[in-house]
Amino acid sequence: SQKKNTFKVCIVGSGPAGFYTAQQLIKARQDVEVDIYERLPVPFGLVRFGVAPDHPEVKNVINTFTQTARQSRCSFYGNVDVGTDVSVEELRQAYHAVVLSYGAEGNRTMGVPGEDLAGVHAAKDFVGWYNGLPSCRQLRPDLSSETAVILGQGNVALDVARVLLSPLDILKMTDITQPALEALAESQVRRVLIVGRRGPVQVACTVKEVREMVNLPNARPEMVGADFEGVAEALKDLPRPRKRLTELMLKTALEVPGEKEQQRRSEASHAWGFRFFRSPVEILADPERSRTAGIRLAVNRLEGSGEGARAVLTGEVEDVTCGLVISSIGYKSLPIDPSLPFDSRKAIVLNNMGRVQRAAGLYCSGWLKTGPTGVIATTMNNSFDTARSLVEDMDLGTLDVSVVKPGSQSVAALLEKRGVKPVTFSDWEKIDRVELSRGEAVGKPREKLSVTDHNGHRQEM
Ligand code: FAD
């Protein structure tokens, strides 16, 4: 019988979506070869640059991704910015199928006056800063004021709050970058308010993250009892995970603590608290109008109940003095190619089960497919779904393998012509070993490295 051609597939982005899609494709068919192109010199996306440094267990997925990358039918090309160094169209020419899984690199803005003042940061940048993301290395957030306000009440908001308030001894044992550690050592931030438009029953975080706040050494909760009016009565109708979460917040806000806990709270030098029913109206400047001095919040009331409740303005406002505002109101995918059918309102690529609309051979997975919500396990499932759609198209012959595709060979030629030098997985493994041993020398699991990016600038990774 005739020798079958190899299915050449490329994946754009090496976060969980990229790696889980690759893993599933390689497993499903022996005749598939996968090349992963990644903008940064190093792999793993938000697992490396998003997940909080004090959540090392979450980063264990890297072991699985590494196994995938080491397979002979999988190649990694870091330092390749798709859309700039090579176009989506060029990839489509070179491969039978292209899977876009480049995540959500933009962030939603608040759209309020003062947003550009010094002292206001997007959570994405602040997180990138403490995790060593190249583009955020120079952030240098001003930590000289007592109160920080975080807008948004999802897990990212709580990660940021925890990093701001954690004792240095704890952070020192993580892979947080050295510059961030040094800045946090000088931090004057003692109080973090986590602000949300709606009420306790609508927060977007999970119970684990709230428990971590409750258990933070040297920090006491500072809640507003009145925010919890009617919440105890609503508990019984809540689905289980939300019920546990709400119970914990309720207990933290209203229950009179035992003697030991009272003692602990009165001795704590730091405080944190949720502020519910508040929306940002304006970032207030200092008299020189040079930096943040506070934030004006509108007071809301809720219309409706449960998940679908809407925040409605009451007309009242309230000013909070603070020198740092971090907006954690969501990440946002960006179209990297004008030809992509992109829903700019939802900020996702229009797709049907991972098949990009009106573009045969083009697929998407991860946050680009679903929008920036959910944990790594959610991303894994939706990536497996996309891989399944792709395999189905191979099995049914919708994807034409009769044409031989050049794959990485032709892309390598294009990149070379354009002066782009890809980083291979074995290059990364060398970097990895250096980072691990540098970490070991200072009692940390890893010390992230500076290397040269493809433009020749030195960048922190
Ligand atoms: P990403 O992880 O963002 O990967 C996308 C990759 O594409 C990146 O490597 C990026 O550099 C690359 N890329 C972008 N543009 C291009 C381009 N033009 N060309 C080539 N490559 C490109 N989940 C948990 O389960 N536990 C946690 O504790 C947790 N903490 C989190 C903390 C933060 C701050 C955030 C933001 C998320 C967290 N998550 C956590 C969620 C988890 O990170 C996501 O579910 C997951 O990373 C989404 O995977 P992805 O592959 O779609 O996107």
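Residues numbered from 1 in each chain as written. Predicted model: local features only at pLDDT ≥ 70, side-chain atom pairs only at ≥ 80, totals over all residues. Heavy atoms only, no water.

### A look at the overall build of the protein
What counts is decided by this rule: Only DSSP runs of H or I covering at least 4 residues are called helices, and only runs of E covering at least 2 are called strands; the numbering of each starts at the N terminus. A 1.4 Å probe rolled over the protein chains alone gives each residue an accessible area, and that area as a share of the maximum for its type sets the label: buried under 20%, exposed over 50%, partly exposed in between. Contacts were defined at the residue level, with two residues in contact if any of their heavy atoms lie within 4.5 Å. Counted charges follow a simple rule, with Lys and Arg positive, Asp and Glu negative, and His plus the chain ends left uncounted. One atom stands in for each charge, and that atom is NZ of Lys, CZ of Arg, CG of Asp or CD of Glu.
Tallying secondary structure elements over the protein gives 16 helices and 22 strands in all. Its C-alpha atoms give the protein principal-axis dimensions of roughly 80 × 50 × 45 Å. In the protein, which comprises 461 residues, the proportion classed as buried is 54%. Within the protein, counting contacts between residues at least 6 apart in sequence, those at least 24 apart form 73% of the total. Once the 58 positive and 57 negative side-chain charges of the protein are each reduced to a mean point, those two points are 4 Å apart.

### What to know about the site of the ligand
Quick note on the threshold: We call a residue near a molecule or strand as soon as one heavy atom of that residue lies within 4 Å of the molecule or strand. Counting of polar contacts relies on pairs of N or O atoms within 3.5 Å, with two restrictions inside protein: one atom must be capable of donating a hydrogen and the other of accepting it, and residues adjacent in sequence are counted only when both atoms are side-chain atoms. Computed with the Shrake-Rupley method and a 1.4 Å probe, the accessible areas treat only the protein chains shown as cover for residues. Here the limits of each domain have been adopted from an automatic or database domain assignment.
The environment of the ligand is formed by 34 residues, the closest being Ala 17, Glu 38, Val 82, Trp 367 and Thr 379. Within the backbone of Gly 45, an N or O atom sits 3.4 Å from an oxygen atom of the ligand. Bound to the protein, the ligand loses 94% of the 1000 Å² it would expose on its own. Secondary structure elements with two or more residues in the shell around the ligand: α1 (16-28), α2 (45-49), α6 (155-165) and α14 (376-396). Of the residues that make up the shell around the ligand, three or more belong to each of domain 1 (7-105 + 333-460) and domain 2 (107-330).

### Focus on the packing of aromatic side chains
Two measures describe an aromatic ring pair: the distance that separates the ring centres and the angle between the ring planes. Let me state the cut-off plainly: In this analysis, rings of Phe, Tyr and Trp, with Trp reduced to its six-membered ring, are considered paired at centre separations within 6.5 Å, and the interplanar angle assigns stacked below 30 degrees, edge-to-face beyond 60, and tilted for intermediate values.
According to the stated counting rule, one finds 17 aromatic pairs in the structure shown. Summarising the aromatic geometry, the rings of Tyr 20 and Phe 384 are spaced 5.8 Å apart at their centres and angled 90 degrees between planes, so their arrangement reads as edge-to-face. Of this pair, Tyr 20 sits in helix α1 while Phe 384 sits in helix α14; the two residues are 364 residues apart in sequence, bridging distant segments of the chain. The pair formed by Tyr 20 and Phe 384 is uniform in burial state, with each residue classed as buried. Following the ring pairs from residue to residue traces out a cluster consisting of Phe 19, Tyr 20, Phe 44, Phe 65, Phe 76, Phe 384, Phe 425 and Trp 428.

### Concerning unusual backbone geometry
Phi is positive for Phe 44, which is not a glycine, with a value near 90 degrees. Of note, Phe 44 is situated in the loop between β2 (32-37) and α2. With a phi close to 55 degrees, Arg 358 is a non-glycine residue in the positive phi region. Tracing the sequence through the fold places Arg 358 in the loop between β19 (355-356) and β20 (362-364).

### Considerations on the confidence of the model for the protein
The cut-off we apply is this: The score called pLDDT rates the predictor's confidence residue by residue, from a low of 0 to a high of 100.
Counting all residues, the mean pLDDT for the protein is 94, and 97% of those residues have values of 70 or more. Counting interchain partners and residues more than four positions distant, the pLDDT-below-50 stretch residues 452-461 has 37 contacts.

### A short note on the environment of Phe 44
Under the relative-accessibility criterion, Phe 44 is labelled buried at 1%. Considered as a pair, Phe 44 and Gly 304 are 260 residues apart in the sequence and their alpha carbons are 41 Å apart. When near neighbours in sequence (up to four residues on either side) are disregarded, Phe 44 contacts Ser 14, Gly 15, Pro 16, Phe 19, Ile 62, Phe 65, Thr 66, Phe 425 and Trp 428.

### A short note on a positive patch on the surface
Using the following cut-off: Like charges within 9 Å and nonpolar side chains (Val, Leu, Ile, Met, Phe, Trp, Tyr) within 5 Å are joined into patches, using only residues over 30% in relative accessible area that form no salt bridge. We define a salt bridge as a contact between a side-chain nitrogen of Lys or Arg and a carboxyl oxygen of Asp or Glu at a distance within 4 Å.
A surface patch of like charges, here positive, comprises Arg 211, Arg 240, Lys 243 and Arg 244. The element best represented in the positive patch is helix α11 (residues 240-254), accounting for three residues. Relative to the helices and strands, Arg 211 is located in helix α9 (residues 207-214). Arg 211 sits in the partly exposed class, given a relative accessible area of 37%.

### What to know about the sheet that holds strand β12 (residues 292-303)
Note the cut-off: A pair of strands is treated as paired once DSSP finds two or more bridges between them. Helix axes are fitted only over the stretch in contact, all axes being lines through C-alpha atoms; the angle between N-to-C directions runs from 0 to 180 degrees.
What the three strands build is an open sheet, ordered β11-β12-β13; its pairing is antiparallel. On the outer flanks of this sheet lie β11 (278-285) and β13 (310-321), each paired with one strand and no other. Pairs of neighbouring strands in the sheet enclose a mean axial angle of 20 degrees, with direction left out of account. Pairing of β12 with β13, which is carried by nine bridges, proceeds in the antiparallel orientation. When the sheet's bridge partners are listed, Arg 296 is paired in β13 with Asp 319.

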